[in-house]
Each structure stands twice: as structure tokens, then as C-alpha cells.
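# A closer look at the structure
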There are 2 protein chains.
Amino acid sequence: MSTSPDADGAAAPRRHYARRESEFRPSPVRAVFELALDPRYVSLAGGNPGTADLPHEEIAAIADRLLRERGAEVLQHGSGAGVHSLEPVIAALMARQGASVDARNLLITTGSQMGVDLATKLLCDPGDVLLAEGPTYVGAMGVFGAYEAELRQVPVDADGVDREAVEEALARAEREGRRVAYLYVIPHHQNPSSTTLTLERRRRLVEVCARRGVLIVEDDPYAFVGFPGNDPLPSLFSLNPDGGIHLGSLSKTFSPGMRVGWMAAPPDVRDRLQIAGESVDIHPSVLSQEIVAAYVGTPSWREHLDALRAGYAQRCEVLLDALAEQGLVGVRWTRPSGGFFTWVTIDGVDPDTDLLAAAIEHDLIVVPGSSCFVQVPERAAVRLAYSNGSPGSLREGARRLAEVVRSLRGE
Amino acid sequence: MSTSPDADGAAAPRRHYARRESEFRPSPVRAVFELALDPRYVSLAGGNPGTADLPHEEIAAIADRLLRERGAEVLQHGSGAGVHSLEPVIAALMARQGASVDARNLLITTGSQMGVDLATKLLCDPGDVLLAEGPTYVGAMGVFGAYEAELRQVPVDADGVDREAVEEALARAEREGRRVAYLYVIPHHQNPSSTTLTLERRRRLVEVCARRGVLIVEDDPYAFVGFPGNDPLPSLFSLNPDGGIHLGSLSKTFSPGMRVGWMAAPPDVRDRLQIAGESVDIHPSVLSQEIVAAYVGTPSWREHLDALRAGYAQRCEVLLDALAEQGLVGVRWTRPSGGFFTWVTIDGVDPDTDLLAAAIEHDLIVVPGSSCFVQVPERAAVRLAYSNGSPGSLREGARRLAEVVRSLRGE
């Protein structure tokens, strides 16, 4: 039972919400979405991919052709499994990570977010334990809350999540008689820490989880946005196709506006995910799926992706250089090999500080590190996204962050 | 804990699924989606709108322009609230049903299905009672199952659901100490019975529910596809904007392939629905939303909608005439004033018969009436869709249905 003031500050009627409502948390990225559109602010919060340099005319021509030639079909209902033309496109992407999949494994979704929702819906009862990296993706934490799971986080070092820490967490849950619904991992260029799980650790993690009968949900939207020279490692799914669910997305390599991603899972799991998905949104947009199928995998897309990856690397460099130029003592950041983010830890600031509020005071928007943990973290931290900022805004963002830090430290 | 044979019939590994998994039911429409594409079958199952007569070139030109002129934006992430340009479009539609809404009430979704999912996520704990019409929409039943609600159905007559029956069900739940999460109603051209709730009954229903503090979830995708002369009645939401959630869809009046619909709710409820929605799919497709915003409400769309409505009325006539021509005794059907379906009851056939399997034997696909009830219904019935069939297929469908009936009766 909850009550709340409404938009005008007047008391809203008493409503009886489901118990899970008390766990609903707006993602800090989404909560400031409108604010970030105000040019007064520099936002390093949203993990937006570069869409300005996409070949808009070419994509327009694809959409135009699909609507003219197959309008009745692409404007109609589609299958809950997705359109057939996407199967080879997805299978080719997954093959580049060592996995062999076909229609029996694949389910098209509106993106990784829905993948996390459906996996949790299928696997997690209220009160179950979910293991994830610490820090982890804030959007996944929203899902875990909505399903009333108890999130336990496993520390991440430069090589990703450690097998021993996972084993310890699994053993603890067993001692306590608690069920672990699944292990949630972002193996490439992790959001938010930017670490990539090494191949050796992938092997060990898969082995530990298989032995304990715990499924791995591998959320892998950044696999293909490694900086030049950083191609994807074998997926956890490829190392044990029966042991988990792989979530893929076209949002980072093409367009988040399309809302097209996928899940790969053992057939018995995949079939249940489709039923769960159909009850959530029936099927993803047919037009979007066909646009993706016609563009992703083409030479033009490969060229765009190469340029994107080089561009992300450059932007990352600009941001890291700008951070270094601030000459702040006790501020450290991760050095990404791909992805969208760097994770900045800040000594001499209380980890419990509301860093988003503090940043907004300086016309800066960031994702506060504390939002990526279920408990107060050891160190104050922020996630900075460089993926879609201009060099000027990245430099200005670093400058404003330094102001925030100095101000919080009373310097 | 469930086990199941996999696609090859071999035993799949034992998996531990969430408890709700035992309630997952594939919709019969979705389960036969691929089969229905086989030209051997006549399908009167899927409630597909007419998309063949949409002005494909005009829509192609809209998409083309959006992608060329605003490519970086429509291919990028959008707000979880939806794009601003849709607000006046939706507000105008709702005004035609007597409701006054703005951004504080509105949330864009991927369609009514997601609306049912989010409303249930927000309002319904496992074991709560949900009231709905009997028969009701199979896709909503999938949602109710996924949230482990106990569905109780209230009979429908020619004027829709009856206030007294609802009052009785509410009183019973109260006596039993059971919470009623909400009342689910499809007020126009109900799926599957094709009845429309009269204005008098709307008023009474709203009053009863307000008195008991039970929210109404009004799923209203068919409001604007009444046959010529059948314009929408005031929405339940318009009669008590604080008492419920209105679900709207552009799938019936424009395109289900776009995946764009909306929810309207009191602001305190709406804000929670947005948080719930962002954790499911972040936001609906920006490109789809902008296409809808640019087309729906234009003179061209109004012309298309008029033609659609006339076309649905004609197709309905063809199907009802063809049913009459079969001369079956003890077979009755509803006479729609709009929407996509007629509900056919069949005397002399066991209500527990698997009518889908029986129909498939005769190369016909229908939605079995029993799938629209949580308990075995009083009468054997099928839902027939005329919305997207050719006159030939509608006639052939009626002929095959007659075969099915005669065969089941041993005639």
C-alpha cells in the first residue's frame, strides 16, 4: 500500500499497488532523460551510440523500399519468434563469438533490456538470489527489483568477475538454503566498469556454474564495439550452449531507436521465453526487424561499424586526456578497450554522497556509481559515457566533474 | 521445477523455473501463427487488421523523410514516456471518447498487450483476484497467468458485462478476504464476443468500482473500428479519470507492425507505469512513434479509417451470410457493430472438445472458445475473425466450420 503526492503536490488517492511496486526504481539515466536535452547541461550519463554518422539516406532507401514493396506485410502482425530474415544475420554475429545457433535457439526481442526482463520472469521467484557484478548495469537492477529478487554483487577486477568470488557466493547461498536464480554477467566492456572478462575466466565461470546447476545470463551488447583491434572473445554461451542465455542487441552497433535485439538459449528455455515474451508485447516491430535484416551485415554496415569503433576509441581518448588534464589527486578511471564508459573512482568523497545531485549543481549529468550497487560502495564513483559526446562536451564534462570533486572536498 | 522434452523429443535437462512458469500459456493464435501462413489452411484465427489498403507510398515517404532529415534522432534512444509529437495525436483520439488527457496522464507503449502487462505488474500480487469478462481476450489471460492471478469471469450479455454480476463478484471476494487487483474490461466490440458495453452500463460499472475502490483497466483497441455509423461511446476513463487505466492501440486503425499504443492513467499511477515500462523495454521505437505521429490524424488516415470500417462491415456481412448459408441447426453467432470478430456458439458439441484440433483436421484455423475462459464454458464456441479475410476465404472458412460441426456431431 503506497501513497504519494501527485504532480501538483496534492495528496494522491491511496492506491493499493502490488508488493513489487516498492522495489520500482527509476534508472538515473532515464530519470534525467528530459533534463539531458537541455543545452545548459553537459550529459555524460546516457550510453547513447553514435547515430549521426549512420548512412541515413541508405537506411531511408531500405525503409522506403520495404514499405512500398512489402507494405501490407511489414505493417502487419509478425511472429513472436521474429522475422525469418533476421536468423542468418544473428547467427553470423554469434558465429563470430564461437557460437552456433539456429531458429531453435533464437528469439528476437526489443533489445537486451527485454531479454533481462524475460529471463528473470522465467527463472526468478520473489526472494531468490541473483548474482551480478559489482558494479552492474542500473537497468538490470530495475528488473531485479521488479521481480523481488535479492541482488548480491561479486567484485570485478581488471579481468572481470572472479571465479572464486562467484563460487563463494554460490556456496554461501547454498549454506543459507537460498536459491540462486541465475548469474548475470556483462562480459565485454562491462557497463559500467568497462572491464572485459578474460577467456580463461570465462572458461572457469562456465565450469563453476555448470557444476552447480546455475544458469548464466550473459548480457553482451558491447561485444562488437571493441576499439580497433579488440574483436569479441568467445561468448559464455559458446562455451556451454546448454548452460545459459545470451542476450544480444543491435542498439550499440546500429540503432537503439529500432528496438531490435535477440536472445539465444537452449531450445527448451527459448520456447518458454517466447511464450513469456508474447504475453509482454506480442512481437517486435516487423518494419524495424526487416530494416535491421536488410542493413546489418552488409558491407556498408561493416564500414559504419569500423568507423564507429574508431570513433569510440577517439572519444574515449579525448575524455581520458581531459580527465588527466584536471590534475585531480585520488581520482582514478578505467582505461577501456571498447564500449561506451569509463568508471571513475573518487577518493576523499563520502561514497554515500548524492553525486548526481552534486553534478547537476554544476550543470553536469553523470550516472552516480552508487546506483550500480545494491549497497553503499567502498568508494565514491561515477560512470562517464564518451560514446556520443562531441570533443568539446567531453572536455567540458571533465572540467565540470573536477569542479564537482573540488567542491565536494571543500577545496 | 519442470522438465520437458525438447524439440527433438529427447529429455531436456531439469531446469528450475520460477513458479509462474507453470502458468505460462501460449495464446492459441500465436501458437498457430506459422501454420496459418500455410496456404492449405483457411485461418479465421488471427485478429489482423487490413494493411493491404494502407497508402503504402505515403507511409514510405514519411519514413523516408524522417530518416533523411532526422536520422540521428529517430535512430537514437528516446524517452520512456514516448515522443512529444504523439501527445496531441493521442489526446485528440481520447477527446473523441470524452476524455481530456495530457502528458501527465499519457504513456506510450508498444501496444495494448504491454499495457495489460504493465498494469498487472503494478497492481497485482500473486493470488490476487482479477475480474474480467467471460469470455475474454486470450492474450490478457496469458498475462494474468504470468502474474499468478486468479481470474474470475463475469458473464457478458448483448449489452456487455453486467453491473450486478460485477458487484456480486466483488462482494464474494470481500467475503473471502481476497483482494481484487482490478477489473479488466474491453468495452467496444469486445474480443472475442463483439459486444459493446452500453453507456448506461458504463456509468454503473464506474460507480460500483469507485465505491469499492477497485480500479478498472479498460482495454479499448476497437473503439475506432466500429462499422460506419458506430462511433465510440465515452470511455470508462472519461467517466472517472481517477478510477482506472485506459489502454489504447494504433494496431487496429493503422498498423500492428509498428508496435505503438498508449496508456492513460491518473498521474500517480502513470508515473509508476513508466518506471515499470522502462525496466521492460526502455522505450518504444522512436522511428515507429514518429511515423505514427506523422500519419495518424491526417485527412489521409481518416479516409483510410473510413474505408477500413466500411471494409470490416462488408467482410463481416460476407462471413455471417456464409454461416447462415450452411443451414446449421443450433449454431448461433453474434452480430457485430464493429471490431474484428463474431462469437459462434455450437450446440450439440461437448464444450470440452478441442475445437482447434478438430478444425485443423479440416484445414481450418480458429480460436477455440474454451481458450477465452478459465473454466470449461457452458457452450462449445469458436471466435471467428473476418477482419482480414478475402470474401473467398471467409466463405470457405464458414463451409469448413460447418464440416467440423457436422463431423463432431457425427452427422
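What counts and how
Residues numbered from 1 in each chain as written. Chains lettered and ligands numbered in written order. Predicted model: local features only at pLDDT ≥ 70, side-chain atom pairs only at ≥ 80, totals over all residues. Heavy atoms only, no water. UniProt positions renumbered as here; feature names shortened; annotations may be inferred. Helix = DSSP H or I, 4+ residues; strand = E, 2+ residues; numbered from the N terminus. Buried < 20%, exposed > 50% of the residue type's maximum accessible area, 1.4 Å probe, protein only. Contact = heavy atoms within 4.5 Å. Buried area = accessible area lost by both parts, 1.4 Å probe. Salt bridge = Lys/Arg side-chain N within 4 Å of Asp/Glu carboxyl O. Polar contact = N/O pair within 3.5 Å; in protein donor to acceptor, adjacent residues only side chain to side chain. Pairing = 2+ DSSP bridges. Axes fitted to C-alpha atoms, helices over the stretch in contact; angles between N-to-C directions. Parallel < 35°, antiparallel > 145°, perpendicular 65-115°, else oblique. Nonpolar A, V, L, I, M, F, W, Y, C, P; charged D, E, K, R; others polar. Domains from an automatic or database assignment. Phe/Tyr/Trp six-rings, centres within 6.5 Å; stacked < 30°, edge-to-face > 60°. Least-squares fit on C-alpha atoms with pLDDT ≥ 70 in both. Expected span 1.5 Å × (residues − 1).

As recorded in an unreviewed UniProt entry, chain A goes by the name Aminotransferase, listed as coming from Actinomyces radicidentis. Taken verbatim from the UniProt record of chain A, the Cofactor (unreviewed entry) comment is "pyridoxal 5'-phosphate".

### Side note on the side chain of B:N191
Residue and element names in this part refer to chain B. Along the chain, the position of N191 falls in the loop between β6 (180-185) and α7 (199-212). Note on N191: relative accessible area 4%, which makes it buried. For N191, the contacting residues outside a window of four places in its chain are T136, Y137, I186, Y222, F341 and R383.

### What about the interface of chain B and chain A?
Tallying the contact residues gives 89 residues for chain B and 89 residues for chain A. The contact between chain B and chain A buries some 7,600 Å² in all, and 55% of this surface belongs to carbon and sulfur atoms. Where chain B meets chain A, there are ten salt bridges. As a salt-bridge pair, A:R15 and B:D242 come within 2.7 Å of each other at their nearest N and O atoms. At the boundary of chain B with chain A, the tally comes to 47 residue pairs in polar contact (both at pLDDT 80 or more). When contributions to the side of chain B that touches chain A are tallied by element, the ones reaching two or more residues are α2 (56-74), α4 (112-123), α5 (138-146), α9 (267-281) and α10 (286-295) of chain B.

### Overview of the pattern of salt bridges
As enumerated under the stated definition, the model contains 62 salt bridges over all chains in all. A salt bridge links A:D117 to B:K121; the nearest nitrogen and oxygen atoms lie 3.0 Å apart. Of the two residues, A:D117 sits in helix α4 (residues 112-123) while B:K121 sits in helix α4, which places them in two different chains. Accessibility assignment for this pair places A:D117 and B:K121 in one class, buried. The residue B:R179 makes a salt bridge to B:D128 at a minimum N-O spacing of 3.0 Å. Taken as a pair, B:R179 in the loop between α6 (163-175) and β6 and B:D128 in the loop between α4 and β3 (129-134) lie far apart in primary sequence, 51 residues in all. A relative accessible area of 21% means that B:R179 is categorised as partly exposed. The exposure class assigned to B:D128 is buried, which follows from its relative accessible area of 8%. Counted as one network, the salt bridges with shared partners bring together A:E150, A:R152, A:R172, A:E176 and A:R178.

### Examining the sheet that holds strand β11 (residues 341-346) of chain A
Residues and elements named next belong to chain A. Taken in spatial order, the four strands line up as β10-β11-β14-β13 in an open sheet, and their pairing is antiparallel. Lying at the two open borders of the sheet, with one neighbouring strand each, are β10 (331-333) and β13 (367-368). Here three bridges tie β10 to β11, and the two strands are oriented antiparallel to one another. Paired with W333 across the two strands is V344, which belongs to β11.

### Remarks on the sheet that holds strand β2 (residues 106-109) of chain A
All names here are of chain A. On the basis of which strands lie adjacent, the open sheet formed by eight strands has the order β2-β9-β8-β7-β6-β3-β4-β5 and mixed pairing. With partners counted over all chains shown, the strands left at the sheet margins are β2 and β5 (160-161), one partner each. Both strand β4 (residues 150-157) and β5 contribute to a ladder of two bridges, which runs antiparallel. What sits directly across from V156, in β5, is V161.

### Examining the packing of helix α9 (residues 267-281) of chain A against α4(B)
Two elements in contact, α9(A) and α4(B), have axes whose closest approach is 5 Å; the angle formed by their N-to-C orientations is 100 degrees. By the angle class used here, α9(A) and α4(B) are roughly perpendicular. Contacts between α9(A) and α4(B) involve A:E278, A:S279, A:V280 and A:D281 from the first element and B:Q113, B:M114 and B:D117 from the second. Class assignment of the residues belonging to the contact of α9(A) with α4(B) gives a composition of two nonpolar, two polar and three charged.

### Section: the domain arrangement of chain A
Residue and element names in this part refer to chain A. With domains assigned, chain A is organised as domain 1 (21-48 + 302-409) and domain 2 (56-297). One C-alpha centre belongs to domain 1, the other to domain 2, and the line joining them spans 24 Å. Interface area for domain 1 against domain 2, summed over the two sides, is near 2,500 Å², with a carbon-plus-sulfur share of 62%. A per-residue breakdown of the area domain 1 buries against domain 2 is headed by R309, S337 and C372, which together make up 24% of the total. The tally of links from domain 1 across to domain 2 stands at one salt bridge.

### Structural notes on the UniProt feature "domain: Aminotransferase class I/classII large" (unreviewed entry) in chain A
Here, UniProt's "domain: Aminotransferase class I/classII large" (unreviewed entry) annotation points to residues 58-401 of chain A. Across residues 58-401 of chain A, the secondary structure splits into 43% helix and 17% strand, with the terminal C-alpha atoms separated by 39 Å.

### Concerning helix α10 (residues 286-295) of chain A
Among the ten residues of α10(A), nine are classified as buried, and the element is accordingly described as predominantly covered. If you check which residues of α10(A) are buried, you get A:V286, A:L287, A:S288, A:Q289, A:E290, A:I291, A:V292, A:A293 and A:Y295. Next to the buried residues of α10(A) lie α2 (56-74), α3 (86-95), β2 and α11 (299-325) of chain A together with α10 of chain B. A distance of 3.4 Å separates the backbone nitrogen of A:L287 from a side-chain oxygen at the start of α10(A), and that oxygen is part of A:S285.

### Some words on the packing of aromatic side chains
All names here are of chain A. In the structure shown here, the tally under the stated rule is 18 aromatic pairs over all chains. Between F144 and Y184, the aromatic rings sit 5.5 Å apart at their centres with planes inclined by 80 degrees, giving edge-to-face as the arrangement. Of the two residues, F144 is situated in helix α5 (residues 138-146) and Y184 in strand β6 (residues 180-185); the sequence distance between them amounts to 40 residues. Considered together, F144 and Y184 belong to a single accessibility category, that of buried residues. An aromatic cluster of three or more residues is present, and its members are Y222, Y312, F340 and F341.

### Quick notes on the environment of B:R152
Residue and element names in this part refer to chain B. Within the element layout of this structure, R152 appears in strand β4 (residues 150-157). Judged by its relative accessible area of 9%, R152 is buried. Sequence-wise, R152 and V217 are 65 residues apart; in three dimensions their C-alpha atoms are separated by 15 Å. A distance of 2.7 Å separates the side chain of R152 from the side chain of E176, its partner in a polar contact.

### Let's talk about the relation of the copies chain B and chain A
Once turned by 180 degrees and shifted 0.0 Å along the axis, chain B lies on chain A with an RMSD of 0.0 Å. Taken together, the rotation and translation relating the two chain copies correspond to the operation of a two-fold axis. Every residue of chain B has its C-alpha some distance from the rotation axis, and the shortest such distance is that of B:D64, at 2.8 Å. Most of the interface of chain B is mirrored in chain A: 100% of its interface residues are interface residues there too.

### Considerations on the pairing of β11(A)
Residue and element names in this part refer to chain A. Burial analysis of β11 places six of its six residues in the buried class, which makes it a mostly covered element. Neither face of β11 is exposed, since F341, W343 and T345 on one face and T342, V344 and I346 on the opposite face are all buried. Relative to strand β14 (residues 380-385), β11 runs antiparallel, the two sharing six bridges. Residue pairing in the sheet places T345 in a bridge with A381 of β14.

### What about helix α13 (residues 391-409) of chain B?
Residue and element names in this part refer to chain B. For α13, spanning 19 residues, the distance from its first C-alpha to its last is 27 Å, which sits close to the expected 27 Å at 1.5 Å a residue. Along α13, the residues classified as buried are L394, G397, A398, R400, L401, A402, V404, V405 and R409. Directly beyond the C-terminal end of α13, a positive phi value near 70 degrees is found at G410.

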